[in-house]
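# Descriptive analysis of the structure
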Amino acid sequence: MVIAVYPGSFDPATYGHLDVIQRASVSFDKVIVGVLHNSAKSPLFSVEERVNILEKATKDIPNVIIKPFNGLSVNFARENHAQVIIRGLRAVTDFEYELQMAQTNRVLAPDVDTVFLTTSLEYAYLSSTIMKEVAYFGGDLTKFAPAEIIEAVKSKIANRVQE
Ligand code: PNS
């Protein structure tokens, strides 16, 4: 049984993330999506909200589960008996950081391999940051994420603006 973890911030998940999860679920027996409790960044959504959003968005894929995690991705992989860390690669701009992270992870945990899935072309430009930027200025989000996620982003931003 080959288990893969897919760590990330997912603040919030986009069609790009969901595409990687769906494709990984075909290649691996079990995919555990790890939502990082990143206190250094100030995320739009709490870790519980991000987990909840991903659970709803992946409910029809039986071999995918969502978990929050703290600390190193390699430790999250080991705790979950995963042999593989999955990362999506959009463009050459991602490559330098991703290569460095994969190599660091390999030094820390030689028993865990990183597998890159190249993002589908239609989502190559997309990121959570871009989606939030468009949302802040009231742009159309329909190409970026499913309706439920769009609603969550809009209501979160509306509440923030009122604060
Ligand atoms: O969605 P993101 O923000 O690109 O994901 C980055 C993430 C969470 C995969 C990365 O920051 C990470 O693995 N953080 C946990 C700490 C760690 O293991 N760092 C890698 C060693 S350099």
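Fair warning: this is a prediction, and the values are worked out from it, not measured in the lab. (Residues numbered from 1 in each chain as written. Predicted model: local features only at pLDDT ≥ 70, side-chain atom pairs only at ≥ 80, totals over all residues. Heavy atoms only, no water.)

## Here we look at the nonpolar core
The tendency in soluble globular proteins is for nonpolar side chains to be buried as a group. The line we're drawing: Buried Ala, Val, Leu, Ile, Met, Phe, Trp, Tyr and Cys residues that are joined via side-chain atoms within 4.5 Å together make up what is termed a nonpolar core. Burial status follows relative accessibility: with a 1.4 Å probe on protein chains alone, a residue under 20% of its type maximum counts as buried, one over 50% as exposed, and anything between as partly exposed. The way it works is that DSSP assigns letters per residue, a run of H or I at least four long becomes a helix, a run of E at least two long becomes a strand, and they are numbered from the N terminus. The contact criterion used is simple: two residues touch if any of their non-hydrogen atoms lie within 4.5 Å.
Grouped together as the largest cluster of nonpolar side chains are 36 residues, with contacts concentrated most on Val33, Leu54 and Ile86. Counting only elements with at least two residues in this core, the list comes to strand 1 (3-8), helix 1 (15-27), strand 2 (30-36), helix 2 (47-57), strand 3 (64-69), strand 4 (84-89), helix 5 (128-136) and helix 6 (147-162). Leave out the neighbours within four places in its chain, and Ile86 touches Ala4, Val5, Tyr6, Pro7, Val20, Ala24, Phe28, Val31, Val115 and Leu117.

## Observations concerning the packing of aromatic side chains
Condition: Two aromatic rings from Phe, Tyr or Trp, using only the six-membered ring of Trp, form a pair when their centres are within 6.5 Å; if the ring planes differ by under 30 degrees the pair is stacked, by over 60 it is edge-to-face, and anything between is tilted.
Taken as a whole and judged by the stated rule, the model has 4 aromatic pairs. Where Tyr15 meets Tyr123, the ring centres are 5.9 Å apart and the plane angle is 25°; that geometry is what we call stacked. Of this pair, Tyr15 sits in helix 1 while Tyr123 sits in the loop between strand 5 (113-118) and helix 5, and the two are 108 residues apart along the sequence. Here Tyr123 falls in the buried class, since its relative accessible area comes to 17%.

## Here's the deal with the layout of surface pockets
Quick reminder of the rule: With a 1 Å grid spanning the protein atoms alone, the term cavity applies to any set of points in which a 1.4 Å probe fits but cannot get out, the term pocket to an open set with protein on both sides within 12 Å along at least five of seven lines, and the term lining residue to any residue with an atom within 4 Å of a point. Grid points are joined across faces, edges and corners, and a volume is the space filled by probe spheres set on the points. Under this grouping Gly is polar, as are all residues other than the nonpolar Ala, Val, Leu, Ile, Met, Phe, Trp, Tyr, Cys and Pro and the charged Asp, Glu, Lys and Arg.
Of the volumes computed, that of the largest pocket is approximately 950 Å³. Looking at the largest pocket, it is lined by 41 residues, and the ones nearest its centre are Gly8, Ser9, Lys41, Arg87 and Glu98. If you list the elements that add at least two residues to the lining of the largest pocket, you get strand 1, helix 1, strand 4, helix 4 (92-108) and helix 5. With 8 residues, the single largest contributor to the lining of the largest pocket is helix 4. By residue class, the composition of the lining of the largest pocket is 16 nonpolar, 17 polar and 8 charged.

## Concerning the site of the ligand
Defined as follows: Only a single heavy atom is needed: when it lies within 4 Å of a molecule or strand, its residue is near that molecule or strand. Throughout this description, a polar contact denotes any pair of N or O atoms lying within 3.5 Å of each other; where both atoms belong to protein, one of them has to be capable of donating a hydrogen while the other can accept it, and for residues adjacent in sequence the pair is counted only when both atoms sit in side chains. For every accessible area listed, the method is Shrake-Rupley and the probe measures 1.4 Å; residues are considered covered only by the protein chains on display. By definition, a pocket or cavity contains a molecule when more than half of the molecule's atoms lie within 2 Å of the pocket's grid points.
If you check the shell around the ligand, you find 13 residues, and the closest are Ser9, Lys41, Gly71, Ser73 and Arg87. Interatomic distance of 2.6 Å between a side-chain N/O atom of Ser9 and an oxygen atom of the ligand. With the chains in place, 73% of the 550 Å² that the ligand exposes on its own is no longer accessible. Structurally, the ligand is housed in the largest pocket. Among the elements of the structure, strand 1 and helix 4 are those that each provide at least two residues to the shell around the ligand. Top element by residues in the shell around the ligand is helix 4. It accounts for 4 residues. The class makeup of the residues in the shell around the ligand is 5 nonpolar, 6 polar and 2 charged.

## So, helix 2
What counts here: Within this analysis, the arc is defined by the directions that extend from the helix axis to the C-beta atoms.
All of the buried residues along helix 2 are Val47, Arg50, Val51, Ile53 and Leu54. Down the axis of helix 2, the sector holding all buried residues measures 160°, keeping them to one side.

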